[in-house]
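# Results of the structural survey
What follows is the residue order along each chain.
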Amino acid sequence: MKISYTSRIIILSFLIIAGCRLTSMAQWYDPDKVNKKAGDVYAQAYEEAREGKLTEAITHLQEALRYDANFVDVYLSRAGIYANLRNYPASVADFEKAMQMDSVYSKVYDLPYSISLAGLGRFDKALQIVNRFLENPRLNEQSKKAGEYRKSTYEFALQYEKDHNTKGYVFTPTNMGDSINTRWLEYFPSLTIDGKKMIFTRRMNNDEDFYETDFINGHWVKARPIPGKINTNLNEGAQTIAQDGSILIFTGCNYPEGKGSCDLYIAYQTKNGGWTEPENLPGVINTEFWESSPSLSPDKKDLYFSSNRLGGLGGKDIWVSSKKENGQWSEPKNLGPTINTNADEGCPFIHADNQTLYFNSNGWPGYGNTDLFVSKKTNDNTWGTPLNLGYPINTIDDEGSLIVASDGKTSYYASDGTDTRGGLDLYSFTLRDDISALKTLWVKGRVYDNKTKQGLPSSVEVSELGGINTSKLQTDETGHFLVTLPAGKDYAFNVNRKGYLFYSDNFSLLKGNIDTAIVIDIPLQPLEAGASIVLKNIFFDSKETALKPQSEMELDRVVQLMKDNPATKIEISGHTDNVGKPADNLLLSMNRSKSVVQYLTGRGIAASRLSTKGFGETKPIADNDTEEGRAHNRRTELKIISN
């Protein structure tokens, strides 16, 4: 689950043997009396281990046992090597074999033994063993400190299990297969919101490049280098792709034009599916320091990244820069002590819900080394206290990055698991409910002129009904857009462009009744006499004429329309379904239109520019035989009388 290989906490047991021997009347094993041939082979294994040739060292340790089956040091040394290889079952087995053979001599290895137990998730046993280790009155200060640190991580693990009931969680990472993974290293996946395109980093012969794969007919196709001019003989990695697949921001290190050791670069998708030549991200984001692991928010307005720039709280912190109205990136802001510590935080990933942030840290309490955490944005736009993702997602080893698909549960990450094709591979797994993001759907489509059919660059705004602004963005130059919608809420949807009537709609995701992307093409009507729209975000209670509070956001847009176009006159008309008496429906529709006009005049719009009509049930736009049809017929319309 690492992005890079890091040094292990467990010291090779050879080195422990060299400086920490115990003698006791209860000890039968004497390392000076082992078989000479076994000792010579053991010495050879020792040198191989020091040179990092761990596989060869294991082979010679096994040979030493053939010369002397009671060679306790072999079991202890091999246990240390297995721990370095993260083969914790074999490590624990060797530690326990040695301790069974001579518990007194082997007692000095209680600390690495406890760590290997923790590597298996046996935190209760690990705590028992480390407590035994700390009872030794002959420990030096460094050993005490190391033991106390490990004790704190085991206690954290046990308390986490009590607090989060993780025993019912089944962690089953699935290798993403030969279409993606190779004998080389694959890591740092990024995914479009529809889950149909993945871009990841592959490292071959010390060169990092980007590869892409598409999800077609239920499987990922053979990965290929991304087209365009991004991949070079330099290292490109740690990338983020926009939810709609239009932008790629990545980390480039030691580029000739770079401002620091590693900078952020940006490229854009071309019409033929390739990528433009990347440029150093304009503005104030890159510095003479280190910037890496970007993550772009779903509305493309916020860019999260990790940096060791001045002004942080620790070594590496997570920062965010926001895009201003002029298209420039703002001065980055540190996410502060709620997220960052005096240690290192990195690999941020902002989910499609724009409310859930995943990242890694070695500063927050955890299982040791670097763990993965999640934080959720609160109503006041601050971040909640990070929650450790827990074992077995987090382990005693370093965890790198992960991303989460739009369903809020399916995660992708890199691991050198037992079924790896070679080194780091990409895997997928399912998150527990309490650390999942919100299931997120999306609306995509095209805005165009109703008369000419030409695409219109426009402003798109999605707001949670009740007045909380969720997302505001611009379409591209051809009018195409994609907006994310976290499930479990109701939304108002509006499209605006100067010189046109705005468009409004609403989507109810409160009960999760929509499970696919919403595709909608939006014809905007030029602001001229005869143009009309349905005000879909005007709400009344059944048979009532008083406006509901959720209507105010829509009505304020009408107010703004009238203020921007002071010569415009409009008609507000009310319509009902056919339930009830026609005369009652006619009166209801008229009074509802008057309520709208009353709101507008109360906001400073002259009554002479406003007129009302009530049509009752006489102008249906849908079938009244179904509830869905009747809902469409219950509407308020705006019509341009003159402009």
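Structure report, in brief.

The rules behind the values
- Residues numbered from 1 in each chain as written.
- Predicted model: local features only at pLDDT ≥ 70, side-chain atom pairs only at ≥ 80, totals over all residues.
- Heavy atoms only, no water.
- Helix = DSSP H or I, 4+ residues; strand = E, 2+ residues; numbered from the N terminus.
- Buried < 20%, exposed > 50% of the residue type's maximum accessible area, 1.4 Å probe, protein only.
- Contact = heavy atoms within 4.5 Å.
- Areas by Shrake-Rupley, 256 points an atom, 1.4 Å probe, with all protein chains shown as cover.
- Pairing = 2+ DSSP bridges.
- Axes fitted to C-alpha atoms, helices over the stretch in contact; angles between N-to-C directions.
- Salt bridge = Lys/Arg side-chain N within 4 Å of Asp/Glu carboxyl O.
- Right-handed = clockwise from strand over helix to strand, strands pointing away.
- Parallel < 35°, antiparallel > 145°, perpendicular 65-115°, else oblique.
- Left-handed = near helix turned anticlockwise from the far one by under 90°.
- Phe/Tyr/Trp six-rings, centres within 6.5 Å; stacked < 30°, edge-to-face > 60°.
- Lys NZ or Arg CZ within 6 Å of the ring centre and 35° of its normal.

Here we take up the overall build of the protein chain. Broken down by element type, the protein chain carries 12 helices and 32 strands. Taking the principal axes of its C-alpha atoms as reference, the protein chain extends roughly 110 × 50 × 50 Å. Classification of the 643 residues of the protein chain by burial places 52% in the buried group. Taking the intrachain contacts of the protein chain between residues at least 6 apart in sequence as the baseline, contacts between residues at least 24 apart amount to 58%. Surface accessibility of the protein chain: about 29200 Å² in total, with carbon and sulfur atoms responsible for 49%.

On to the sheet that holds strand β31 (residues 610-614). A sheet is described by the order of its strands in space; here four strands give the open sequence β29-β32-β30-β31, paired in mixed fashion. The open sheet terminates on both sides in strands that have one partner only, identified here as β29 (532-534) and β31. Neighbour-to-neighbour, the strand axes of this sheet turn through a mean angle of 20 degrees, independent of strand direction. As paired strands, strand β30 (residues 569-575) and β31 are joined by five bridges and run parallel to one another. Within the sheet, the bridge partner assigned to G574 lies in β31 and is G614. Of the strands in this sheet, β30, β31 and β32 (635-642) are in contact with helix α11 (residues 582-602), which crosses β31 at around 160 degrees.

So, on to the pattern of salt bridges. On inspection of all chains with the given rule, the structure shows 28 salt bridges. Close ionic contact of E186 with R202 constitutes a salt bridge, the shortest N to O distance being 2.8 Å. Taken together, the residues E186 in strand β2 (residues 185-191) and R202 in strand β3 (residues 197-204) connect sequence positions 16 residues apart. Measuring nitrogen to oxygen at the nearest pair gives 2.9 Å for the salt bridge that ties E627 to R634. For R634, a relative accessible area of 36% puts it in the partly exposed group.

This brings us to the pairing of β30. Most of β30 sits inside the fold, with six of its seven residues counted as buried. Both β30 and β32 contribute to a ladder of seven bridges, which runs antiparallel. The residue bridging S573 from the neighbouring strand is E637, located in β32. Each parallel crossover has a hand, and the one from β30 via α11 to β31 is right-handed.

Ordered by their spatial adjacency, four strands build an open sheet running β11-β12-β13-β14, and the pairing between neighbours is antiparallel. A strand with exactly one partner marks an edge of an open sheet, and here the two such strands are β11 (291-296) and β14 (333-334). Pairing geometry for strand β13 (residues 317-322) and β14, over two bridges, is antiparallel. Residue pairing in the sheet places W319 in a bridge with N334 of β14.

Helix packing geometry: the angle between the two helix axes and the distance between the axes. Close contact between helix α4 (residues 72-84) and helix α5 (residues 88-101) brings their axes to 8 Å; oriented N to C, the two are set at 160 degrees. Looking at the two axes, α4 sits roughly antiparallel to α5. Regarding α4 and α5, the two cross each other, and that crossing is left-handed. Where α4 approaches α5, its residues V72, Y75, L76, R78, A79, G80, Y82 and A83 are matched on the opposing element by Y88, A90, S91, D94, F95, K97, A98 and M101.

Any aromatic ring pair is given by two values, namely how distant the centres are and how the planes are angled relative to each other. All told, the structure shown has 23 aromatic pairs when counted by the stated rule. Measuring from centroid to centroid gives 6.3 Å for Y304 and W383, while their planes differ by 80 degrees, and the two rings are edge-to-face. With a gap of 79 residues between them, Y304 in strand β12 (residues 302-307) and W383 in the loop between β17 (371-376) and β18 (387-388) connect regions that are remote in the sequence. For the pair formed by Y304 and W383, the shared burial category is buried. Cluster of aromatic residues (ring-pair linked, three or more members): F123, F156, Y160, Y367 and Y391. When the ring centre of Y211 is taken as reference, the NZ or CZ atom of R202 above it lies at 4.2 Å. The positively charged end of K316 is found above the aromatic ring belonging to W290, 4.3 Å away from the centroid.

Further remarks concern helix α7 (residues 110-119). Across the 10 residues of α7, 10 count as buried, placing the element largely inside the fold. Regarding α7, the residues found buried are D110, L111, P112, Y113, S114, I115, S116, L117, A118 and G119.

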